[in-house]
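Given next are the chains, with one letter for each unit.
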Amino acid sequence: MRVTEISTSNWRNLERQKVSLGNRLNIFCGDNAQGKTNLVESVYLCCIGKSPRTDRDKELVCWGKDRAYVRVRYTCRFGDGEIAVTLTNGEKKQITVNSVPISRMGELMGYLNCIYFSPDEIRIISESPAERRRFLDIDLCQTDKNYFYSLSRFNKALSQRNNLLKQAKSVDEARETVFVWDEQLADEGAKIILKRRAFCDKLKIFAKETHSALTDGKEQLELAYVARINGENYPELSKNYRNSLANDLEKDFVLRHTSSGCQRDDVVLKINGIDVRTFGSQGQLRTTALALKLAELKIFKNLIGEYPVLILDDVLSELDSERQKRLLDFDPELQILLTSATDVPHSLAGDNCKYFLIKQGVCMEK
Ligand code: ATP
Ligand code: MG
């Protein structure tokens, strides 16, 4: 799939812009703080419904203005489409897909998919398990609408259960109603675990392959989903989930939150048998992040039949020339939106490339 046009109005520092993209490599150059990330962030917004940089939509509206608008036109194997987002200060954001308003965020998922790679993405590997779950959740929500709905229901039930644990005067009082939430958590949690596990089983094959290629076969990357609750299949997993919640109730009442479940799961990454998060060098963390991104591209192609749009925000300068080339030459079918504060030489970009210059919130084709 490919983005064909981006239009913005009062979107951060990009006031009124319309940019037509090429179908391969699109390079957005410019000095620091000119609006390069802002432009590609608008594409991410139309894919996922929020910014990769903030959960506060208010920050996305140009300072001093009341309303921001972003529209992305795209083409995919099912035809052409258009996603538009209007952010009005103090109101719920409005999203339309092909001019039809959507009422739930889940309805947006899957129309336009993207993989976002910025230097910050290294945190998937280096930071807490929450980052790795977020990484899985974003990919799963984009490729499986039902996963999005399961996750929403799960999060709602979890917060209700935690509220109950905070408000109950005794464990017996909590026990009277907690089963309602336990049922929902076990049903949805089991689905989430099974889907994350299946996704990781595929991802680990692609990640191992791409990592091995990036390190000339010197390093072996292993990836595994580590769940707190186990079970071979759905009935077994949901039963174990229910039992685990029931067994932990007294402990949870003391802690005043739910301690067991998939909200605590993790993805473990090892290089040659050694945990990357704890012992990986900076270079290894970066290579692993890159391997994961390339693996994500392959898994999307495998799951949905075409590549998502690849957004590379400021990552090129962090890679050596061999890896830069590998990334940009990944597959001629892939559309790339790349930002860079330094020039990207023609020898690296190749022929099928469109250059843009972004200066003070204005984007011009070079
Ligand atoms: P760098 O090369 O440093 O990454 P960039 O070109 O990617 O720079 P952006 O992150 O796109 O820069 O930000 C450009 C400018 O937009 C920044 O100076 C920032 O202060 C400004 N900006 C951010 N949010 C808003 C907003 N809501 N309204 C107006 N300007 C904003
Ligand atoms: Mg930037």
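Conventions adopted
Residues numbered from 1 in each chain as written. Chains lettered and ligands numbered in written order. Predicted model: local features only at pLDDT ≥ 70, side-chain atom pairs only at ≥ 80, totals over all residues. Heavy atoms only, no water. Salt bridge = Lys/Arg side-chain N within 4 Å of Asp/Glu carboxyl O. Helix = DSSP H or I, 4+ residues; strand = E, 2+ residues; numbered from the N terminus. Buried < 20%, exposed > 50% of the residue type's maximum accessible area, 1.4 Å probe, protein only. Near = heavy atom within 4 Å. Polar contact = N/O pair within 3.5 Å; in protein donor to acceptor, adjacent residues only side chain to side chain. Areas by Shrake-Rupley, 256 points an atom, 1.4 Å probe, with all protein chains shown as cover. Nonpolar A, V, L, I, M, F, W, Y, C, P; charged D, E, K, R; others polar. Core = buried A, V, L, I, M, F, W, Y, C linked by side-chain atoms within 4.5 Å. Domains from an automatic or database assignment. Contact = heavy atoms within 4.5 Å. Axes fitted to C-alpha atoms, helices over the stretch in contact; angles between N-to-C directions. Parallel < 35°, antiparallel > 145°, perpendicular 65-115°, else oblique. Pairing = 2+ DSSP bridges.

J.: Report on the pattern of salt bridges, specifying residues and quantitative values.
T.: Applying the stated criterion across every chain, the model contains 33 salt bridges. In this structure, the salt-bridge partner of Arg71 is Glu5, at a minimum N-O distance of 2.8 Å. Pair noted here: Arg71 is in strand β4 (residues 67–76) and Glu5 is in strand β1 (residues 2–11), with a separation of 66 residues, a long-range link. Residue Arg71 is classed as buried on the basis of its relative accessible area, which comes to 14%. The salt bridge involving Lys293 is made with Glu296; its shortest N-O contact spans 3.1 Å. Of this pair, Lys293 and Glu296 both sit in helix α9 (residues 282–304), separated by 3 residues, roughly a single helical turn.

J.: Quick one: what's the story with the site of ligand 1, residue by residue and with numbers?
T.: Residues in close proximity to ligand 1 total 16 residues, the closest being Asn32, Ala33, Lys36, Thr37 and Glu59. Between ligand 1 and Trp63 there is a distance of 3.0 Å, counted from a nitrogen atom to a backbone nitrogen or oxygen. The protein chains hide 78% of the 650 Å² of surface that ligand 1 would expose on its own. Looking at the shell around ligand 1, its residues break down into 4 nonpolar, 6 polar and 6 charged.

J.: Tell me about the nonpolar core, and name the residues and values.
T.: Residues Ile27, Phe28, Leu112, Tyr241, Leu292, Leu312 and Leu338 are the most contacted members of the largest nonpolar core, which totals 111 residues. Split by domain, the residues of this core number at least three in each of domain 1 (1–113 + 308–366) and domain 2 (125–305). Filtering out sequence-adjacent residues up to four positions away, Tyr241 remains in contact with Phe154, Leu185, Ala186, Gly189, Ala190, Ile193, Ile229, Gly261, Cys262 and Gln263. Formed by 8 residues, the second largest nonpolar core is a distinct cluster that contains Leu164, Leu165, Leu249 and Phe253.

J.: Kindly report on unusual backbone geometry, identifying the contributing residues and their values.
T.: Even without being glycine, Asn10 reaches a positive phi, approximately 55°. Mapped onto the fold, Asn10 is located in strand β1. Classification of Asn10 by relative accessible area gives buried; the value is 16%. The backbone phi angle of Ser99 is positive, close to 70°, even though this residue is not glycine. With respect to the helices and strands, Ser99 occurs in the loop between β6 (94–97) and β7 (100–101).

J.: Before we move on, can you summarise the domain arrangement of the protein chain with the specific residues and values?
T.: Each domain of the protein chain was delimited in the assignment, giving domain 1 (1–113 + 308–366) and domain 2 (125–305). Using only C-alpha atoms to locate each centre, domain 1 and domain 2 end up separated by 28 Å. Contacts between domain 1 and domain 2 engage 24 residues on the former and 20 residues on the latter. For the pair domain 1 and domain 2, the number of links is 3 salt bridges. With a shortest N-O distance of 2.9 Å, Glu333 and Lys301 are connected by a salt bridge. Across the domain 1-domain 2 interface, the total number found is 8 residue pairs in polar contact (both at pLDDT 80 or more).

J.: Hey, could you go over the packing of helix α3 (residues 129–143) against helix α5 (residues 171–214) for me, with residue numbers and the actual values?
T.: Where α3 contacts α5, the two axes come as close as 11 Å, and the packing angle between them is 90°. By the criterion of interaxial angle, the relationship of α3 to α5 is roughly perpendicular. Across from Arg133, Phe135, Leu136, Asp137, Asp139 and Leu140 in α3, the residues of α5 making contact are Lys195, Arg196, Phe199, Cys200 and Leu203. In terms of residue class, the contact of α3 with α5 is made up of 6 nonpolar, no polar and 5 charged.

J.: Report on the sheet that holds strand β13 (residues 336–340), specifying residues and quantitative values.
T.: The 6 strands lie next to each other as β8-β12-β13-β3-β14-β15, forming an open sheet whose pairing is mixed. Edge strands, defined here as strands with exactly one partner in the open sheet, are β8 (114–117) and β15 (362–365). Shown here is a sheet whose adjacent strand axes are inclined to one another by a mean of 20°, direction ignored. Across 4 bridges, β8 lies against strand β12 (residues 309–313) in parallel orientation. Looking at β12, one finds that Ile115 is bridged to Leu310. The strands touched by α9 within the sheet are β8 and β12, with β8 carrying the most contacts at an inclination of about 175°.

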